[in-house]
Amino acid sequence: MNSIVRKTLHKIEEKSQLFMMKQCPSPSAGLRYKVLTIPPQFPLSEEEKDISISTMTYAIRSNFKEKKKAISLGLLPFKNKNQTRTANIITYPDHQIWQLKTPEEVAKYFDKSFPQIPLEKIILSEEISRFTFSKGGEFPNPQFCSGVYKILGEPDNNQGTAVILLGDAVHCFPPDIGQGVNSALEDIYILQEILEETEDNLSQGLPIYQNKRQDDIKALIRLVQISYPWQYNQDPWQTKLWSVNFFIRLLLSRFLPFMFSPHSFVLIQNHNLSYSEILAKSNRNTTILLTLSSLVIILILFFVGWQIFILYR
C-alpha cells in the first residue's frame, strides 16, 4: 500500500521531487530476516524442570562458527507468561539459511545449529514449514523526505484535498533503535496539536507541521545510523569497537555527568527528550572526546619530542 501511495505522490510532484526519499547508509541496511514462532514456555534442555521464563531474555547461539552458517535466536521478554514468543533470524543475504528450499533442509540445518537444546520440542514441524515458505523481509536504508505535505485546491473551503505523510511514508529505517512506531505516533500527536491550534486550517497548519518535524526527522535518521547498527553480528571487530565506545560514554556520564551525557542508545529511552536534543547531546560528547583525544596526542608527541631533544642536545 505504501508503494502505491508513493508512486502516486511521485506523479503529483515528478518535477520538484518533493516526496523523493533521501537514502542514507547504515551497517544494518540490506540484512535479511525471518521470524520463528516459539511456544510461551519451552524446554531449555532435556531436564524436566529446565523451562524458559517469560520475563527473561534469551540468546541462543548456533553451533556453527562460519560467518555464512552461524545464526542466533534472540528472544525478548514478555510479562504475559502465556504470550507466544518470537525469535528473529537476521543475517546477510548470502547466508546459507536463505538457500534452503524445503522444510526438511531447514529442519536439518536447525538440528545441526542447535544441538544443545531439544529443538523438536520447541519448533514444531508446522512452524518449520511456515518458516521455510515465508518470504521474510529486508532492512531498508535509513531514509526520509523533506516534503511531508501537498495541498491540492482549497481543502479549507471544501474545494480540494491535502496529502499528508506520516510514519514510514516520511521516515523509514532498520529497527536498530526500536523507534518506528514511536516516531509515527509522535508525527500524529504533533499534527493533531497543530491542527487544534489552527482550528483545522490546513493551509496554516501543514507548513508549521513540516517545519516542526524536519529537524527531528533528520536527527532520528542520524541516530539510527550511529546508535546501535552492529547488533546483528555482522562484523565482530566493528561490534567490539561499538561496545568500547558505548562503555566509555556510559562510564564518563556516570563519573562526569556535568560534562558527558549517556550514549545515544540510552538517551533514546528518555521520552522527555526530542530526537534533535538526543543527537545534540551525542554530538557534544563526540566533540569533547575528540578534543581531549587530540590534546592527549599533542602532549604525547610533545613529550616524545622533548625527550629526543634532551637526548641529542
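Owing to the predicted nature of the structure, the values given are computational and were not obtained by experimental measurement.

1. Observations regarding the nonpolar core
Turning to step 1, where the next piece is worked out: Counting residues in hydrophobic clusters, the biggest one holds 32 residues, and the most contacted among them are Leu 165 and Leu 223.
Turning to step 2, where the next piece is worked out: Going through the elements one at a time, helix H5 (180-197), helix H6 (202-226) and helix H9 (275-312) are the ones with two or more residues in this core.
Turning to step 3, where the next piece is worked out: Per-element tally for this core: the top contributor is H6, with 9 residues.
Turning to step 4, where the next piece is worked out: The residues contacting Leu 223, other than those within four sequence positions of it, are Ile 177, Ser 264, Ile 268, Tyr 275, Ile 278 and Leu 279.

2. Topic: H9
Turning to step 1, where the next piece is worked out: The terminal C-alpha atoms of H9, which comprises 38 residues, lie 55 Å apart, in line with the 56 Å expected from a rise of 1.5 Å per residue.
Turning to step 2, where the next piece is worked out: Along H9, the positions that sit buried rather than exposed are Tyr 275, Ile 278, Leu 279, Ser 282, Asn 285, Ile 288 and Leu 289.
Turning to step 3, where the next piece is worked out: Of the surrounding elements, those touching the buried residues of H9 are H5, H6, helix H7 (236-255) and helix H8 (264-267).

3. Notes on the layout of surface pockets
Turning to step 1, where the next piece is worked out: One number sums up the size of the largest pocket: a volume of about 1300 Å³.
Turning to step 2, where the next piece is worked out: Lining the largest pocket are 44 residues, and of these Ser 72, Ile 90, Gln 231, Tyr 232 and Asn 233 lie nearest its centre.
Turning to step 3, where the next piece is worked out: Taken together, the elements giving at least two residues each to the lining of the largest pocket come down to strand S2 (32-38), strand S3 (58-61), strand S4 (72-75), strand S5 (85-91) and H7.
Turning to step 4, where the next piece is worked out: Broken down by element, the residue count for the lining of the largest pocket peaks at 5 residues, all from S5.
Turning to step 5, where the next piece is worked out: Its boundaries defined by the atoms lining it, the second largest pocket holds a volume of some 240 Å³.
Turning to step 6, where the next piece is worked out: Every residue lining the second largest pocket is counted, 13 residues in all, and those nearest its centre are Glu 186, Asn 270, His 271, Asn 272 and Leu 273.

4. Here's the deal with the environment of Leu 251
Turning to step 1, where the next piece is worked out: Mapping Leu 251 onto the fold places it in helix H7.
Turning to step 2, where the next piece is worked out: On the accessibility criterion, Leu 251 (49% relative accessible area) is partly exposed.
Turning to step 3, where the next piece is worked out: Note: C-alpha distance between Leu 251 and Tyr 209 (42 residues apart in sequence) is 38 Å.

5. Things to note about the state of the cysteines
Turning to step 1, where the next piece is worked out: On inspection of all chains with the given rule, the structure shows 0 disulfides.
Turning to step 2, where the next piece is worked out: As a non-bridged cysteine, Cys 24 has Cys 172 as the owner of its nearest cysteine sulfur, 11 Å distant.
Turning to step 3, where the next piece is worked out: With no disulfide of its own, Cys 172 lies 11 Å from the sulfur of Cys 145, the closest cysteine sulfur.

Thresholds applied
Residues numbered from 1 in each chain as written. Predicted model: local features only at pLDDT ≥ 70, side-chain atom pairs only at ≥ 80, totals over all residues. Heavy atoms only, no water. Core = buried A, V, L, I, M, F, W, Y, C linked by side-chain atoms within 4.5 Å. Buried < 20%, exposed > 50% of the residue type's maximum accessible area, 1.4 Å probe, protein only. Helix = DSSP H or I, 4+ residues; strand = E, 2+ residues; numbered from the N terminus. Contact = heavy atoms within 4.5 Å. Expected span 1.5 Å × (residues − 1). 1 Å grid on protein atoms, 1.4 Å probe; cavity = no way out; pocket = protein on both sides within 12 Å on 5 of 7 lines; lining within 4 Å. Points joined across faces, edges and corners; volume = space filled by probe spheres on them. Disulfide = S-S within 2.5 Å.

Everything listed here is a matter of coordinates, which is why it stays silent on function.
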